[in-house]
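# Architecture at a glance
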Amino acid sequence: MQSHARLNTDKATRYMIQLAKHWGHRFEVTYDDVSALIPLPLGTCSMLADPEGLDVTIEAVDLEGLAKLEDVVAEHLLRFAFREPVKRLGWTRAWEAGRIDPPALRINGVAP
């Protein structure tokens, strides 16, 4: 299972690297100026930075793990991006073969 969110910001690379370095003390993180891969106990977090924002994709084996990862990644990322006007990340979940489950849209731990 996957979930995707985007943070629109001109500081995407900065936030991505901050998060990668933060978790790099505990996990085998790989990153450069445009991408990062963070293996976490519940799944993985991959990020792609571009001049307009940061794309975040998380993967977990089950729905419970995916929900926890959404919350943990959003909490950490938004802590680094505290000057941004965005206070929540909207997650869109996808299942195998790209099937999107619209009722599964979550915004920082809250289903609509």
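Further up the page is the structure itself.
Notes on the structure follow.

Criteria and cut-off values
- Residues numbered from 1 in each chain as written.
- Predicted model: local features only at pLDDT ≥ 70, side-chain atom pairs only at ≥ 80, totals over all residues.
- Heavy atoms only, no water.
- Helix = DSSP H or I, 4+ residues; strand = E, 2+ residues; numbered from the N terminus.
- Buried < 20%, exposed > 50% of the residue type's maximum accessible area, 1.4 Å probe, protein only.
- Contact = heavy atoms within 4.5 Å.
- Areas by Shrake-Rupley, 256 points an atom, 1.4 Å probe, with all protein chains shown as cover.
- Core = buried A, V, L, I, M, F, W, Y, C linked by side-chain atoms within 4.5 Å.
- Expected span 1.5 Å × (residues − 1).
- Salt bridge = Lys/Arg side-chain N within 4 Å of Asp/Glu carboxyl O.
- Polar contact = N/O pair within 3.5 Å; in protein donor to acceptor, adjacent residues only side chain to side chain.

Once that is clear, we can look at the overall build of the protein. Assigned secondary structure in the protein consists of two helices and seven strands. Of the regular secondary structure in the protein, the N- to C-terminal order runs β-α-β-β-β-β-α-β-β. Within the protein, the fraction of its 112 residues that count as buried is 40%. The long-range share in the protein, meaning contacts at least 24 apart out of those at least 6 apart in sequence, stands at 48%. Carbon and sulfur atoms make up 56% of the accessible area of the protein, which totals about 6,500 Å².

Here we come to the nonpolar core. One finds Met 47, Leu 54 and Val 56 to be the most contacted residues of the largest nonpolar core, which totals 30 residues. Residue assignment for this core shows that the elements contributing at least two residues are β1 (2–8), α1 (12–24), β3 (35–40), β4 (43–50), β5 (53–60) and α2 (63–80). No other element matches α1, which puts seven residues into this core. Not counting the four nearest positions on each side in its chain, Leu 54 is found in contact with Ala 5, Arg 6, Leu 7, Ala 12, Met 16, Met 47, Leu 48, Ala 49 and Leu 77.

Once that is clear, we can look at α1. Across its 13 residues, α1 extends 18 Å between first and last C-alpha, which sits within 8% of the 18 Å expected from 1.5 Å per residue. Those residues of α1 lying buried are Ala 12, Tyr 15, Met 16, Ile 17, Leu 19, Ala 20 and Trp 23. Tucked inside the fold, the buried residues of α1 contact β1, β2 (30–31), β3, β4, β5 and α2.

Let us now look at the pattern of salt bridges. On inspection of all chains with the given rule, the structure shows six salt bridges. Among the salt bridges present, the one from Arg 79 reaches Glu 75, with a minimum N-O distance of 3.2 Å. Here Glu 75 and Arg 79 lie together in helix α2, a separation of four residues that amounts to about one turn.

Before going further, it helps to spend a moment on the side chain of Thr 9. Relative to the helices and strands, Thr 9 is located in the loop between β1 and α1. A polar contact is formed between the side chain of Thr 9 and the backbone nitrogen of Lys 11, at a distance of 3.0 Å. For Thr 9, the side chain forms a polar contact with the side chain of Glu 84, separated by 2.8 Å. In contact with Thr 9, not counting residues within four places along its chain, are Tyr 15, Pro 51, Glu 52, Gly 53 and Glu 84.

Turning next to the side chain of Glu 70. By the secondary structure assignment, Glu 70 is in helix α2. Side chain to side chain, Glu 70 and Ser 3 meet in a polar contact 2.6 Å long.

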